[in-house]
Amino acid sequence: MDLISLNDWSGDDLIALLDLASAMKAVIRRPIKKVPTLRGKAVANVFFEASTRTRNSFELAGKYLGADVINFQGSGSSIEKGETLWDTVRTLQAMRLDAVVVRHGASGVPQVMAEHLEVPVINAGDGTHHHPTQGLLDVMTVRERFGHIEGLTVAIVGDVLHSRVARSDIEGFVRLGAKIRLVGPPSLMPSGLESQHVAVYADLKEGLAGVDVIQVLRIQKERQQSGQIPSLREYHDRWGLTQAALSWAQPEVLVLHPGPQNRGVEIDSQVMEDRVHSAILDQVENGVAVRMAVLYRLIGGEGVSA
Amino acid sequence: MSQDATDWIRLEGVRVIDPFRGQDQEGEVLVGDGTFQEPTLSPRSRVRTMSGRGLWLVPRLTDMHVHFRSPGQEWKEDFRSGSMAAVHGGFSVVATMANTDPVVDSVSLIQWQKAEAKALGLVEVVPIGAVTKGLGGEELAELWTMEQGGAGGFSDDGRPVASSALMRAALSYSSTMRHPIIQHAEDLELSHLGVMHEGDVSGRLGLTGIPLEAESAMVWRDVQLAALTNGRLHIAHISSLGALEALAWAKSRGLKVTAEVAPHHLFFTDARVGAPAYDTATKVNPPLRPDNVRQALLAALKMGLIDAVASDHAPHHADEKDRPYAQAAFGISGLETSLAAMITIGLGEAEMTPLALFERMTRAPHRILGMDYVGVVAGARADFALIDPKARWSVEPGGWYSKGKNSPWMGTELTGRVISTMYGGHWTMQEGEVVRCAQL
């Protein structure tokens, strides 16, 4: 079994996985974190695209569970020496790994890789397609705060077009019964994501009205260069999450950001540091917990709603 | 099935579907000395009589848009493999695009390509010359000189003539010639980084989209330039609603504007990119479109708004397709499925008559490329395909003659199979086997 997108799993599977992640979170809060659950298993982090946060998170998740973890960077490696992607995959297979965690800049690579590999493939982000463990940790963070997902309204604000996080969040939250609002400039909204559970808004105030959760997406400078937005300043003025904008949501609103943040662009410092509403550091901690749960489920996990 | 070169061939009870004469009737066909002969004639040579019962005879199937990749990219295709693929697909005439390495932008390369094809003796190759030197989009190539050397048209295919001023100049110049400017219409800024049709499926798969308007905006510009210049414009692989409207506008004004459509745009939709997901055999430019566009293209072909069918045969080596979707090469190897795909979809879903369908694959490309042919008439060169219209078969590119096995039809069942192909009075393919090739 692989984890390419959250749609691979049923709602019950997701709930079971989130419960497992909560148990894992208790483990990493112990003074001695390491457990022998995956002792003797080997996991490769294969990152063809630069990443600090997600790679560290997967590496720690594997190590806390007692697995051996190797990191394979796309740059400065055999990839740059001209080896094809699929030859790299065959090489990994020959090393008898038990799971491959992959990030790639091109959408679809983990899925095709999974067809080539017998061992589980875990998508750690592919192009502008999916980032399922990010979706899981977002759902986990919200579920911790509200106790449930069903009936909530989640606003995802920003560059949805280029966001793999948004696509995974939509799958995770919708599967568990939440409503989604996509909010941002029309030039950064893809077609094909709207449904009876997903609505699109161009106006921030309308989009945030009464929502329970706000996921703020990172806006990249190159969107300005490509003409999709006029300037980062104007973007901030229209779609940046300020204290004032926060007041349009429901009073107990939870603020998420997948990081890394551009303070003063898509999110203000005051909002980030707002202890009541911001759950940004919870997301990071939960990231390790859900990745432990995923590894356990895929390579060590009997009895987890299998 | 051995045959002396001097033997004549009599086909009895064959259904002759001849768009050149506008006739579709069962009859007898006699071939001798390289040409069709009056069936009533009593030849001096030995005559082999064959039954054509249940078969269709279609003269001079023509694919006016193929890539034979030579010179320079022979790992993808060459004249030998490309010609064999053409006759395996039933074709007698193909027009080869100029985006080779070096680019076919001079009369010497036009003549070299014609000589290569002639030495093989399988299929008539009509080289298309480049519109601009080196496909650079900056200076016109020597169009008239290439025409004198046998070029059948001019195209920078693979990329558009992007400059409005240069396109105006090319169309203006073409008004003095017999052959068209064939435009690959694509606004490269609108399609920038795109790898599939922009729509619901691209949004879901996270692939960068190419909007319909990348094509239609340029086609509208081009038809206006055709009006300005009275030039000959042919729109390659048309794939958008806006381009169909521009084409209808141009035709209603009596402009010298024509268009072709590729079988894959009539057969598949962008949903095929998602099932199975990221199958690079579906990556093609222009991209597979949604079903409403596909149906509109099919209807336009049926009513004759779109003049011709052309495969845009674009063979690639497996290594060039076996990559992440965004990095894989664009193109579909289409010569060996084109006819069956069109029988399946054109006669099936679109309910065209065989005569109308084959007109788009024979007479129309002849007209567009300024070529003369009279059809199944005594004295005309005997070029034809014999087709079993009822045969059902599953597409297995592994057995193809083309070096390019890149086909979204792999594993698809199609109806209609070419049984044999004759070129210049000789069998070039029989029972699926290419039988005459100088270098075999």
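This is a predicted model, so every value here is computed, not measured.

## Examining the overall build of chain A
Then step 1. When helices and strands are tallied, chain A shows 12 helices and 9 strands.
Then step 2. A globule of 306 residues ought to have a C-alpha radius of gyration of about 19 Å, and chain A, at 19 Å, matches this closely.
Then step 3. Counting only C-alpha atoms and orienting by the principal axes, one finds that chain A spans roughly 55 × 45 × 35 Å.
Then step 4. Classification of the 306 residues of chain A by burial places 50% in the buried group.
Then step 5. At a minimum sequence separation of 6, the contacts of chain A that also span at least 24 residues come to 76%.

## Details of the environment of Leu357(B)
Residue and element names in this part refer to chain B.
Then step 1. Within the secondary structure, Leu-357 sits in helix α12 (residues 354-359).
Then step 2. Leu-357 gets classed as buried once you count the C-beta atoms within 10 Å, which come to 23.
Then step 3. Along the primary structure Leu-357 and Ile-306 are separated by 51 residues, whereas in three dimensions their C-alpha atoms are 11 Å apart.
Then step 4. In this structure, Leu-357 is in contact with Met-342, Gly-346, Leu-347 and Met-352, ignoring residues within four places of it in sequence.

## Digging into the domain arrangement of chain B
Residue and element names in this part refer to chain B.
Then step 1. You can read the domains of chain B as domain 1 (8-58 + 377-392 + 411-434) and domain 2 (59-368).
Then step 2. The C-alpha centroid of domain 2 is placed 28 Å from the C-alpha centroid of domain 1.
Then step 3. Opposite the 22 residues of domain 1 that make contact, domain 2 presents 24 residues.
Then step 4. Mapped by element, the contributors of at least two residues to the side of domain 1 that touches domain 2 are β1 (8-18), β5 (56-59), β16 (384-394), β17 (413-423) and β18 (426-430).
Then step 5. Among the elements that line the side of domain 1 that touches domain 2, the one with the most residues is β17, at 7 residues.
Then step 6. Here the residues of the side of domain 1 that touches domain 2 sort into 14 nonpolar, 4 polar and 4 charged.

## Describing unusual backbone geometry
Then step 1. In this model, Gly259(A) is joined to Pro260(A) through a cis peptide bond whose omega is -10°.
Then step 2. Topologically, Pro260(A) is positioned in the loop between β9 (254-256) and α11 (269-272).
Then step 3. Non-glycine residue Arg69(B) carries a positive phi angle of around 65°.
Then step 4. Tracing the backbone through its elements, the reader meets Arg69(B) in the loop between β6 (62-66) and α1 (79-88).
Then step 5. The backbone phi angle of Glu431(B) is positive, close to 50°, even though this residue is not glycine.
Then step 6. Looking at where Glu431(B) falls in the secondary structure, it is placed in the loop between β18 and β19 (433-434).

## Here's the deal with the nonpolar core
Residues and elements named next belong to chain A.
Then step 1. Core analysis: the biggest nonpolar cluster contains 225 residues, and Ile-214 and Leu-295 have the highest contact counts within it.
Then step 2. Of the residues forming this core, the biggest block, 10 residues, is contributed by helix α12 (residues 280-300).
Then step 3. With sequence-adjacent residues up to four places away left out, Leu-295 is seen in contact with Leu-38, Val-43, Ala-61, Gly-62, Leu-65, Ala-67 and Ala-99.

## Some remarks on the interface of chain A and chain B
Then step 1. Of the residues lining the interface, 18 residues belong to chain A; the matching set on chain B comes to 16 residues.
Then step 2. Taken together, the elements giving at least two residues each to the side of chain A that touches chain B come down to α3 (85-94), α4 (109-116) and α6 (164-175) of chain A.
Then step 3. Here the element with the most residues in the side of chain A that touches chain B is α4(A); it accounts for 3 residues.
Then step 4. Counted by class, the side of chain A that touches chain B contains 7 nonpolar, 9 polar and 2 charged residues.

## Things to note about helix α6 (residues 213-229) of chain B
Spacing of three or four residues puts side chains on the same side of an α-helix, whose turn is 3.6 residues.
Residues and elements named next belong to chain B.
Then step 1. Spanning 17 residues, α6 covers 24 Å between terminal C-alpha atoms, matching the ideal 24 Å at 1.5 Å per step.
Then step 2. Listing the buried residues of α6 in full gives Ala-214, Glu-215, Ser-216, Ala-217, Met-218, Val-219, Asp-222, Val-223, Leu-225, Ala-226 and Thr-229.
Then step 3. Among the structural elements, α4 (164-174), β10 (181-183), β12 (209-210), β13 (233-235), α7 (241-252) and β14 (257-261) are those in contact with the buried residues of α6.
Then step 4. Within two residues after α6, Asn-230 carries a phi angle of roughly 60°, on the positive side.

## A look at the pairing of β6(B)
Then step 1. Extensive coverage of β6(B) is indicated by the burial of 5 of its 5 residues.
Then step 2. Handedness of the crossover joining β6(B) and strand β7 (residues 93-96) of chain B through α1(B): right-handed.

## Thoughts on the packing of α6(B) against α7(B)
Residue and element names in this part refer to chain B.
Then step 1. Look at α6 against α7: their axes get within 8 Å of each other, and the N-to-C directions meet at 15°. Between α6 and α7, the angle falls in the class roughly parallel. Once α6 is placed against α7, the crossing between them reads as left-handed. Contact with α6, carried on its side by Glu-213, Glu-215, Ser-216, Val-219, Trp-220, Val-223 and Ala-226, involves Gly-242, Ala-243, Ala-246, Trp-249 and Ala-250 of α7 and no other residues of that element.
Then step 2. Looking at side-chain class alone, the contact of α6 with α7 contains 8 nonpolar, 2 polar and 2 charged residues.

## Some details on the sheet that holds β13(B)
Residue and element names in this part refer to chain B.
Then step 1. Pairing is parallel in the open sheet, where 8 strands are placed in the order β6-β7-β8-β9-β10-β13-β14-β15. One side of each edge strand has no neighbouring strand; the edge strands of this open sheet are β6 and β15 (308-309).
Then step 2. Here β14 pairs with β15 via 2 bridges, running parallel. When the sheet's bridge partners are listed, Val-261 is paired in β15 with Val-309.
Then step 3. Each of β10, β13 and β14 is contacted by α6, which is oriented at about 160° to β13, the strand it contacts most.

## A word on α4(A)
Then step 1. Taking burial as the measure, the 8 residues of α4(A) include 6 buried ones, the bulk of the element.
Then step 2. On its buried side, α4(A) packs onto α3, β3 (99-104) and β4 (121-126) of chain A.

## Some details on the packing of helix α1 (residues 11-28) of chain A against helix α5 (residues 132-146) of chain A
Residue and element names in this part refer to chain A.
Then step 1. Interhelical geometry of α1 versus α5 gives an angle of 75° and a closest axis separation of 10 Å. In terms of orientation, α1 lies roughly perpendicular with respect to α5. Here Leu-17, Leu-18 and Ala-21 of α1 lie close against α5, whose contacting residues are Leu-136, Val-139, Met-140 and Arg-143.

Procedures and definitions
- Residues numbered from 1 in each chain as written.
- Chains lettered and ligands numbered in written order.
- Predicted model: local features only at pLDDT ≥ 70, side-chain atom pairs only at ≥ 80, totals over all residues.
- Helix = DSSP H or I, 4+ residues; strand = E, 2+ residues; numbered from the N terminus.
- Rg over C-alpha atoms; globule rule 2.2 N^0.38 Å.
- Buried ≥ 20, exposed ≤ 12 C-beta atoms within 10 Å, placed from the backbone.
- Contact = placed C-beta atoms within 7 Å.
- Domains from an automatic or database assignment.
- Nonpolar A, V, L, I, M, F, W, Y, C, P; charged D, E, K, R; others polar.
- Core = buried A, V, L, I, M, F, W, Y, C linked by C-beta atoms within 7 Å.
- Expected span 1.5 Å × (residues − 1).
- Right-handed = clockwise from strand over helix to strand, strands pointing away.
- Axes fitted to C-alpha atoms, helices over the stretch in contact; angles between N-to-C directions.
- Parallel < 35°, antiparallel > 145°, perpendicular 65-115°, else oblique.
- Left-handed = near helix turned anticlockwise from the far one by under 90°.
- Pairing = 2+ DSSP bridges.

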